[in-house]
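One letter stands for each residue in the lines below.
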Amino acid sequence: MSGVVRTVLGDVPAGRLGVVDAHDHLFIRSPLLPGQELDDPEDAAARLAAFRDLGGGTVVQWTPYGMGRRADRLAELSRRSGVHVVAATGLHQAVHYAPELLDSVRDSLAELFVREITEGVAGAHGVRAGLIKVAGGFHGLDAHARLTLRAAAEAQHRTGAAVAVHLELGTGALDVLDLLCGEFGVAPDRVVLGHLNRSPDFAVHRQAAAAGAYLGFDGPSRANHATDWRMPEALEALADAGFADRLLLGGDTVTPDTPGMPYLLRRVRPRLELALGGELVERVLVGNPARAFALRTP
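Residues numbered from 1 in each chain as written. Predicted model: local features only at pLDDT ≥ 70, side-chain atom pairs only at ≥ 80, totals over all residues. Heavy atoms only, no water.

Caption draft 1: Spotlight on the packing of aromatic side chains. Using the criterion set out here, one finds 0 aromatic pairs in the structure. Residue placement shows Arg246 over the ring face of Tyr214; its charged tip is 4.2 Å from the ring centre. (Phe/Tyr/Trp six-rings, centres within 6.5 Å; stacked < 30°, edge-to-face > 60°. Lys NZ or Arg CZ within 6 Å of the ring centre and 35° of its normal.)

Caption draft 2: A look at unusual backbone geometry. Of note in the backbone geometry, His125 takes a positive phi value of approximately 55° without being a glycine. Mapped onto the elements, His125 comes out in the loop between helix 4 (109-118) and strand 7 (131-135). With a relative accessible area of 74%, His125 lands in the exposed category. At Asp252, a position not held by glycine, the phi torsion is positive, near 50°. You can see Asp252 is positioned in the loop between strand 11 (247-250) and helix 9 (260-276). (Helix = DSSP H or I, 4+ residues; strand = E, 2+ residues; numbered from the N terminus. Buried < 20%, exposed > 50% of the residue type's maximum accessible area, 1.4 Å probe, protein only.)

Caption draft 3: Structural view of the pattern of salt bridges. Tallied over the entire structure, the rule returns 16 salt bridges. One salt bridge connects Glu233 with Arg230, and the closest N-O pair in it is separated by 3.1 Å. Put simply, Glu42, Arg73, Glu76 and Arg80 are held in one network by salt bridges that share partners. (Salt bridge = Lys/Arg side-chain N within 4 Å of Asp/Glu carboxyl O.)

Caption draft 4: Structural context of the packing of helix 6 (residues 173-183) against helix 7 (residues 202-211). Following both chains from N to C, one finds helix 6 and helix 7 inclined at 20°, their axes separated by 9 Å at the closest point. The orientation of helix 6 with respect to helix 7, classified from their angle, is roughly parallel. The interaxial crossing formed by helix 6 with helix 7 has left-handed handedness. The segment helix 6 lies against helix 7, with Ala173, Leu174 and Leu177 engaging Val204, Gln207, Ala208 and Ala211. Along the lines of polarity and charge, the residues of the contact of helix 6 with helix 7 split into 6 nonpolar, 1 polar and no charged. (Axes fitted to C-alpha atoms, helices over the stretch in contact; angles between N-to-C directions. Parallel < 35°, antiparallel > 145°, perpendicular 65-115°, else oblique. Left-handed = near helix turned anticlockwise from the far one by under 90°. Contact = heavy atoms within 4.5 Å. Nonpolar A, V, L, I, M, F, W, Y, C, P; charged D, E, K, R; others polar.)

Caption draft 5: Broad picture of helix 2 (residues 71-81). Of the positions making up helix 2, those classed as buried are Ala71, Leu74, Ala75, Leu77, Ser78 and Ser81. Packed against the buried residues of helix 2 are helix 1 (41-53), strand 4 (56-61) and strand 5 (84-86).

This is the structure in structure tokens:
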């Protein structure tokens, strides 16, 4: 694997990430989830340790700016666990923020994203972000999504970092690619689309993969999203169509009762190995994320 991935402890050769949870959260807070915050460093440490003990090597935290990402604790947690941690800059949907916070950053989003990748996150003692997390909407893109996607594209061009996109209930993937790649000129292989498992539309999956984007299947054990039970079929269809190198897996822990990163390796991995074979699952957990999250020279 060529290139480096920017972790909270510095740049790491992409080939040394090991098994990667490509979409998760050690810390996250949102007004949409009152009382369900992930804000306990010891709980985060326990989850990282459990992930490590199951063979995990890297966790990519998608928590963006202003959502309690606790960037000041990530380096310590990475050192304690021996697990690489990649932090995110970026901005989620408007509903996750107070209006005054959005007003304070709306006119300087690209500069904020670039600064957190190149210089560091304020108050986090040199921790730099390694990816840009933004969000689409439900079957479309509102003005806020277009604003943040434009800023993400500018920051991507200036830093070489990947753009990770929350797809609301797994929808809007093609709209996101039309805007990011078609209008704003981001290379498709610099885009990671999250939550494809929540909308098991195999035709859209195939179109997004054919465009060159990475497809994230994350949030296992959410039966109401058809995740675990449709995931092997969805991944097999994409692999059979020649898109095995576009696939990523993540735990997406967002509340204290989400099974998350240990479950990804303890239950999801063996299930997928039964369906798809160990070699393919190894590629999805090791090889693909090493390419997806490597910085590219601007």
